[in-house]
Amino acid sequence: MKLPRGTFDVLPGTVERWQYIENQLREISKRYNYKEIRTPIFEETELFKRGVGETTDIVQKEMFMLEKRGKEQFTLRPEGTAAVVRSFVTNKLYGSPNQPVKLFYIGPMFRYERPQAGRFRQLHQYGVEALGSEEPAIDAEVISLAMSIYRSFGLKKLKLVINSLGDSESRAAHREALVNHFKPVAHELCQDCQNRLEANPLRVLDCKVDRNHPSMATAPSILDFLNPASKDYFDQVLLHLDALGIEYVIDPTLVRGLDYYNHTSFEIMSEAEGFGAITTLCGGGRYNGLVEQIGGPATPGIGFGIGIERLLMALENEAVLPEIDESIDVFIVAQGNDEVEKTATRLLQLMRLEGLVADRDYLGRKFKGQFKAADRMKARFTVILGDEEVERGAAALKDMSTGEQIDVPLSAVADTIVAKLKEEVQ
């Protein structure tokens, strides 16, 4: 059986890096007081049509829709925000006394797209959603959280790009200007852009096919159409970022590929040399109105998503991948009669109960083969058991780094190893 195209296995020796990243993400989320939420990996298809947008590439081209059973149609989640907002509404979290509701998630997403470097059909995302506040300060907090994550992993070559998409009034004025601008050259644009021009002209600016068309460079800027309230909101967000010492670049052409964004929109990019053509590491923005679209009360929100695969690529590119410790604390080398076997089994369990990472041979190898296995597992200590050791109630404890070997009563083996490991840490 073949591995499905656009997917990959995360094997021992690599999965430890994923675990380290996930632990770090949870730790930083905790500092910012974001709580973890877990939603199903499939939802009603209508949720993504409503929440992500009928005109988006995700809905039109990339969704993994499950075989229809009766009237129900489900889709593997292509992104995290719509599912979290659905849960927010379903579980009436808008009634929680603690507002805003600050959530994070980690998990797989699914998009039927052409696999390429850093892009997969099953991808993994970490994301946050802050629901219930319309204060510019929380926009800055969300951006700060994203930047803190990358900095915590040692990444330095980053660029924060930010834009305002304005409120509905500002977007309506900008929409009309975009239609008037692109209509005379619409026949020169790709079919997707021609369709978008009527349904959602803002998405024309996000086109990868026509990005170099002359009309793109002269397209009306959303910043010229922001009404006073939208402009003031954007200015306040920037003031908070300045207060946090976060550098940014304002890019009026930045358009996120999802329909639910308004006001603040941002991306974090890698500026590392040789990272590749697709430099975006993280994308997010404000989505006032999404909760209502999904059937809840009017509730403002803002969030972002980080691709874990792309984070790993960035860490590798800047040579800051975490070291993987595959060593174990102790390996039991045992050979002899049934009593030796029983003693080894009991001792192994005792050491594990004391918190030690411990293993033993299960292939019936001789002493020499077992010592080689201990070396391969990078065991810090070996406990040597034979007929003689069991008979006198003591084991030989060998320090594998120094070669030093001492006799230790069987009842004290676990405590002795724990004590020695603590000494090393001190």
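An unreviewed UniProt entry annotates the protein chain as Histidine--tRNA ligase of Exiguobacterium antarcticum. In the Subunit (unreviewed entry) part of its UniProt record, the protein chain is described as follows: "Homodimer."

Caption draft 1: The sheet that holds strand β14 (residues 379–385), seen in detail. One open sheet accounts for five strands, arranged β13-β12-β14-β15-β16; its pairing is mixed. Looking at strand neighbours, the two that pair on one side only are β13 (358–360) and β16 (405–409), the edges of this open sheet. Across the sheet, the mean angle separating the axes of adjacent strands is 25 degrees when strand polarity is ignored. For strand β12 (residues 328–334) and β14, the ladder comprises six bridges, and the chain directions are parallel.

Caption draft 2: Inspection of helix α7 (residues 191–199) at higher detail. All of the buried residues along α7 are Cys193, Arg196 and Leu197. Seen from one end, α7 has its buried residues packed into an arc of 110 degrees, which puts them on one side. In α7, those exposed residues whose orientation departs by more than 90 degrees from the buried face are Gln191 and Glu198.

Caption draft 3: Layout of the nonpolar core. Counting residues in each nonpolar core, the largest one holds 44 residues, and the members touching the most others are Tyr34, Tyr126, Leu145, Ile149, Tyr150, Leu241 and Phe304. Among the elements that take part in this core, helix α5 (residues 136–152) stands out by supplying nine residues, more than any other. Judged by nonpolar contacts, the second largest core, of 23 residues, contains Leu348, Val390, Ala395 and Ala414.

Caption draft 4: Main features of the side chain of Asp361. If you trace the backbone, Asp361 turns up in the loop between β13 and α13 (367–376). A polar atom in the side chain of Asp361 sits 3.4 Å from the backbone nitrogen of Leu363. A polar contact of 3.0 Å, which involves the side chain of Asp361, links it to the backbone nitrogen of Gly364. When residues no more than four places from it in sequence are discounted, the contact partners of Asp361 are Phe331, Ile332 and Gln370.

Caption draft 5: Structural view of the sheet that holds strand β10 (residues 280–286). Spatially, β1-β5-β6-β11-β10-β9-β7-β8 is the arrangement adopted by the eight strands of the open sheet, whose pairing is mixed. Two strands close off the open sheet at either side, each with one partner strand: β1 (35–36) and β8 (249–250). Here two bridges tie β1 to strand β5 (residues 101–110), and the two strands are oriented parallel to one another. Residue pairing for β5: Lys35 is matched across the bridge by Leu103. Helix-sheet contacts for helix α11 (residues 308–317) involve β5, β6 (122–131), β10 and β11 (301–307), and the interaxial angle to β6 is about 105 degrees.

Caption draft 6: Looking closely at α11. The buried count for α11 comes to seven of 10 residues, which makes it a mostly enclosed element. Among the residues of α11, Ile308, Glu309, Arg310, Leu311, Leu312, Ala314 and Leu315 are the ones counted as buried. The secondary structure elements touched by the buried residues of α11 are α1 (15–31), β5, β6, α5, β10 and β11. Directly beyond the C-terminal end of α11, a positive phi value near 55 degrees is found at Ala319.

Caption draft 7: Broad picture of the pattern of salt bridges. Evaluated as defined, the whole model comprises 17 salt bridges. With its nearest N and O atoms 3.9 Å apart, the salt bridge here joins Asp359 to Arg352. Where salt bridges share partners, they join Arg26, Glu36 and Arg38 into one cluster.

What counts as what
Residues numbered from 1 in each chain as written. Predicted model: local features only at pLDDT ≥ 70, side-chain atom pairs only at ≥ 80, totals over all residues. Heavy atoms only, no water. UniProt positions renumbered as here; feature names shortened; annotations may be inferred. Pairing = 2+ DSSP bridges. Helix = DSSP H or I, 4+ residues; strand = E, 2+ residues; numbered from the N terminus. Axes fitted to C-alpha atoms, helices over the stretch in contact; angles between N-to-C directions. Buried < 20%, exposed > 50% of the residue type's maximum accessible area, 1.4 Å probe, protein only. Arc of directions from axis to C-beta. Core = buried A, V, L, I, M, F, W, Y, C linked by side-chain atoms within 4.5 Å. Polar contact = N/O pair within 3.5 Å; in protein donor to acceptor, adjacent residues only side chain to side chain. Contact = heavy atoms within 4.5 Å. Salt bridge = Lys/Arg side-chain N within 4 Å of Asp/Glu carboxyl O.

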